[in-house]
Structure formats: C-alpha cells, structure tokens
Amino acid sequence: PTYKEPYRPQYHFSPHHNWTNDPNGLVYYKGEYHLFYQYNPMGNTWGHMSWAHAVSKDLLHWQPLALAIPEDEKNMIFSGSCVVDKNNSSGFAQKPGQIPLIAVYTAHIIPDKSKPDDYMQTQHIAYSLDDGSTWTKYSGNPVLDLHKKDFRDPKVFWYERGKKWIMVTVLPNEHIVQFHGSPDLKTWTHLSDFGPAGDVSGIWECPDLLQVPVDGHTGKGKWVLMNSQQFTMQYFVGEFDGTVFHNENPADTILRPDYGPDFYAGITYNNLPAGQDPVLIGWANNWKYAQAIPTSPWRSAMSLPRSLQLKKTGNTWTLLQHPVKALKNLRGAVVEWKNKSTSSELVFPAKGQVLELDAELIPATAGNCGIRLAADDGLGIIISYNAATQQLSIDRSKTGNIHFDNQFAAVTSATARVPLQAGKLSLHAFLDKSILEVYANDGATVLTTQLFPAANLDGIVFFSEEGTTKILSTRVWALKSIWQ
Ligand code: FRU
C-alpha cells in the first residue's frame, strides 16, 4: 500500500521509500517549488548520500522526480542550496536566454574507503539547463576548498545591493558561520566570520541567512541568521551589510525556530515571487535516534513549510511562523466548541490522527492544563501549559511505542516559555500520524515532536489539573491526505 503504512505522515513530505535527512536546494522557479533532499538510494539508514528531488505547485502536494545528484566514486553529495542564475553569471548557458539552475553542495570525500573518518569537505557546484530535471557536475570542482575536514552546508543567495553571490557555510567544530562572496559562483572570496555565539553545545550545521519582513510592514525587513547545532536550531536577528552580519538581539539570548526535539537542518527558499514571505522547511527528526525510528520502507519526513515574519517585543526580535496557507485546502469537516470549561477532563467530540486543531484557552492559574492528542486509556501526547511558570510542554512519554530506541525513550519532553497574551493561550496544532507540530501564540513559539502511537489512539481530551480552565473556542478539522 502506498503511503498507507503504519505511522506514515499524510500531509508532511516523506520519500516513498528509503532514508532522508536534510532538505536541500529549496528554490522556486517557473511556478514550481523544488525540494531536494539528502537521500540514500540504497537503503533505509544514512549512507550513499545523494540529492533526491520532488516538486510542488503549492508546497504540499509533491511530485517525486528522478534522483537529481547521485554520489559518485569519489564524493558523497552533502547538504547545500540552489540558485537561479538569471544573468548567466556562471557562463553555463549554452544558448542565448537560457537560465542555468545551480546547485551548491558539500562534497564529502573519503580518499581511502577503509578509513571513513579521514574525510575532507569542499564546496562543489552542479548545473541544470533544463529547469532542474537533469544535472551536470562542474568539471572545475571544487569551487571552494579550505583544506578542512569539516566545512559544509553552503547556503547561497543573490545579494542584490552588492550585486554578488553570498555563500554561508559552517565550520562545525569551531562554531563559526563563514561568509564568502562571488561574482560567478565559481570563484569565492572570504568575507567574514560569525561566532562562536549563542548555543555552542553541539556542532554547528546547515546555516542560512535571509531577510524576513517585519509583521505588519511591507519591505524587506531584518536579516535572520540561523543554524542547526546538534540537536536543535537557533537564530540571530540583525543586519547584514554585504560583508558582516551584526546580531542585534541581546548576546545572552538564545532563540530557537523550534523548541521540540524533531526540527533540524531547516533552510529557506530562494527566488520566491516578490511579496511572498520566506518559507522554511526542516527535517522532522533528531540525529540522536533518527536511524532507529520504527518506519518502513521509508525513514524520516520534512516539517510543514512555514512562512516567516518578525516581530519586536522589548528589545528582542522573534520569528513568527505560520504553516503555509495552502494547508487550509486540505481541511475536511470542522467540529467546533465554544465556551466550555473544565476542572478535570473533557472529551472533545471528534477523533483522528490526521488533523488540525485550533484552540483558545484561559488557563487555570495553578497546575497544568492542556490537551491530550492521540489519546485513549490514559495514553496520548500531552500538550500542557502551566500558567505559574509560563511553560508550554509537550510530553510523549505515554504515546505507546517509545522503547524502540534508548535515546528516543530518553527524550520524552520539550518545554518553551510562552507568556499569555491578554490572559489567553492560543494553540494551533497539526497532528499527522507520527508528527505533531504545535504553534503557540500566533506562531511565536513552535514545538515539533515525533510520536509512534498505535492506530487506535485517536482521542482528543482537554484537561485541567488544579482549578478551572476555560476553553473559549476549539475547532478541529480532519485533514485530507496529499498522497491520494
Ligand atoms: C545535517 C548534516 C549536514 C550534512 C548532512 C549529511 O543533518 O549532518 O551537516 O551536510 O547532514 O547527510
């Protein structure tokens, strides 16, 4: 059965079969959103890394295409990005008016296969002259070689003010993001370094630098620099002058695009139509246990695509994230509640493991209150809020199948600070079989969590442990599968 296996996400992208990790090469071109992704053509765990390919017109319904950039005898093809070379700065076009698409990625070279830890990483490019269908590796590769073992994940974009390409890469162990500039994508000059900064508890990977509009304003907005660090992500907000990134958030503030355990390697789209907010996609998994999750014949999925804006509170800029609007087209019938309250438990009159839930609560002033999804018989994933500590947490310890891996069983909960807004808590949750994404307070805080519940765990239960919680409104939609 296609896309009907246990735990298979119904509206998150996952490959039909085999392993995936990071999204790569996100680029919009000629009416299509391209999604390349780290892929093992040979199996369901990490290895033989290559770029697989899918396209979509709405960022939700994906059409799988042929493997785009396969590994070769020398190199595995690690993460990177894609640009539209409108002016043929690279010179790859073979006839007038032809526009090359250029993929910039890390070549992971293991000179002696018996010593896989003695690798080198350099930046390579490949080009497509048929709008992304087929790819040719550039004969002059590498285009950037620092003679480093760890140096990877190039995010390239066109910097209009300075009329040049900018490449953002990381030195993972040094906790440094590097900026390089180029007129033609083939020759690169070092511009500056950023870091160590913020969270340096794990190696840095997959950086991105982009302009994000400020909520309620038109225009380009502020610059956001983000990176992954095992096993989560962080971002900085400030200005980029074409050479240096200046962080404007307080130096001791660590901000995360996602506070759940399963959002990693997120990057944004290049070349979006003017006026469209940036779109971020991450890998909905965690290297601690990624290769052990109990799914077959595929392993891992992408997060929902999220539109980005910024807002300022006090002297701190925060990202606002909203799942792309097209998701509304997947909505089936709605079940609605208004003005309920509970001081123990209330069962919502709808069920499902493939749904969207939008709720507004006035939490009890003490104790925990919230919602259990994929619920039955005391089981379920618990979304709970504590008004005294202002903490929102997701707890998957009672979701059934958690003991397939020690690390997974050990990472049972995640927490983020979510201040009430005018005394209210708004929760927008997307449950999709084995992925839960919770957007709190209009997308200011997001938590993404994997769970592997039995198919019959499908209840929705509101609870309030000490005192009364008001449920001002709740709407739940069954969502249609994108794979039908
Ligand atoms: C992040 C990462 C990248 C690397 C890729 C290899 O998840 O480790 O740094 O390019 O995966 O598959």
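Please read all numbers here as calculations on a predicted model, not as lab measurements.

1. Some words on the sheet that holds strand β6 (residues 101–109)
And step 1. Taken together, the four strands give an open sheet; going across it, the order is β5-β6-β7-β8, and neighbouring strands pair in antiparallel fashion. If you trace the sheet from one side to the other, it starts and ends with β5 (75–84) and β8 (136–137), each paired once.
And step 2. In this structure, β5 lies alongside β6, joined through eight bridges in antiparallel fashion. Within β6, the residue paired with C82 across the bridge is A103.

2. Description of the site of the ligand
And step 1. Residues in close proximity to the ligand include N21, D22, Q38, M49, F78, S79, T106, R152, D153, E205, C206 and A265, which together make up its full environment.
And step 2. Only β1 (18–29), β5, β9 (152–159) and β13 (204–212) provide two or more residues apiece to the shell around the ligand.

3. Details of the environment of V418
And step 1. Counting through the fold element by element, V418 comes out in the loop between β28 (413–417) and β29 (425–432).
And step 2. Taking the C-alpha atoms as reference points, V418 and T389, 29 residues apart in sequence, are found 9.2 Å from one another.

4. Quick word on the sheet that holds strand β18 (residues 279–283)
And step 1. Strands sit in the order β17-β18-β20-β21 across an open sheet of four strands; the sheet is antiparallel. Two strands close off the open sheet at either side, each with one partner strand: β17 (264–268) and β21 (316–323). For this sheet the average axis-to-axis angle between neighbouring strands, irrespective of direction, equals 40 degrees.
And step 2. Here β18 runs beside strand β20 (residues 306–313); their pairing, made up of two bridges, is antiparallel. Within β20, the position partnered with L280 by the bridge is R306.

5. Regarding the UniProt feature "domain: Glycosyl hydrolase family 32 C-terminal" (unreviewed entry) in the chain
And step 1. According to UniProt, the "domain: Glycosyl hydrolase family 32 C-terminal" (unreviewed entry) feature falls on residues 329–477.
And step 2. Taken end to end, residues 329–477 has its terminal C-alpha atoms 11 Å apart, with 3% of it in helix and 60% in strand.

6. Brief notes about the nonpolar core
Note on soluble globular proteins: their nonpolar side chains tend to be buried together.
And step 1. A103, V224, L225, L373, A429, L436 and V438 are the most contacted members of the largest nonpolar core, which totals 122 residues.
And step 2. Counting residues domain by domain, this core receives three or more from each of domain 1 (18–323) and domain 2 (327–479).
And step 3. Not counting residues up to four positions away in its chain, the partners in contact with V438 are I383, I394, L427, A429, V446 and L447.

7. Concerning the domain arrangement of the chain
And step 1. As far as domains go, the chain holds domain 1 (18–323) and domain 2 (327–479).
And step 2. Distance between the C-alpha centres of domain 1 and domain 2: 31 Å.
And step 3. Contact residues are listed per partner, giving 23 residues for domain 1 and 25 residues for domain 2.
And step 4. Among the residues forming the side of domain 1 that touches domain 2, the class breakdown is 14 nonpolar, six polar and three charged.

8. Here we look at the environment of A410
And step 1. Among the secondary structure elements, A410 is positioned in helix α1 (residues 406–410).
And step 2. Considering only alpha carbons, one finds A410 and S397, 13 residues apart in sequence, at a separation of 8.8 Å.

9. Considerations on the UniProt feature "domain: Glycosyl hydrolase family 32 N-terminal" (unreviewed entry) in the chain
And step 1. Sequence positions flagged by UniProt for "domain: Glycosyl hydrolase family 32 N-terminal" (unreviewed entry) are, in local numbering, residues 12–323.
And step 2. A helix fraction of 0% and a strand fraction of 48% characterise residues 12–323, whose end C-alpha atoms lie 11 Å from each other.

Rules used in this analysis
- Within each chain, residues carry numbers counting from 1 in the order of the written sequence.
- Given that the model is predicted, a residue must reach a pLDDT of at least 70 before its local features are reported, and side-chain atom pairs must reach 80 or more before they are shown or counted; all residues, however, enter totals for whole chains, interfaces and linings.
- One requirement defines pairing of two strands: DSSP has to find at least two bridges between them.
- Each helix is a run of DSSP H or I of at least 4 residues and each strand a run of E of at least 2, with the numbering of both proceeding from the N terminus.
- To decide nearness, the C-beta atom of each residue is placed from the backbone, and the residue is near a molecule or strand if that atom lies within 6 Å of it.
- Comment: axis = line fitted to C-alpha atoms, over the contacting stretch for helices; angle = value between 0 and 180 degrees taken between N-to-C directions.
- UniProt positions are given in the numbering used here, feature names are shortened, and annotations may be inferred rather than shown by experiment.
- Each nonpolar core reported here comprises buried Ala, Val, Leu, Ile, Met, Phe, Trp, Tyr and Cys residues connected via C-beta atoms within 7 Å.
- Exposure criterion: with C-beta atoms placed from backbone coordinates, a residue whose C-beta has 20 or more other C-beta atoms within 10 Å is buried, one with 12 or fewer is exposed, and one in between is partly exposed.
- An automatic or database domain assignment provides the domain bounds reported here.
- Any two residues are considered in contact once their C-beta atoms, placed from the backbone, lie within 7 Å.
- Residue type decides the class: Asp, Glu, Lys and Arg count as charged, Ala, Val, Leu, Ile, Met, Phe, Trp, Tyr, Cys and Pro as nonpolar, and the leftover types, Gly among them, as polar.

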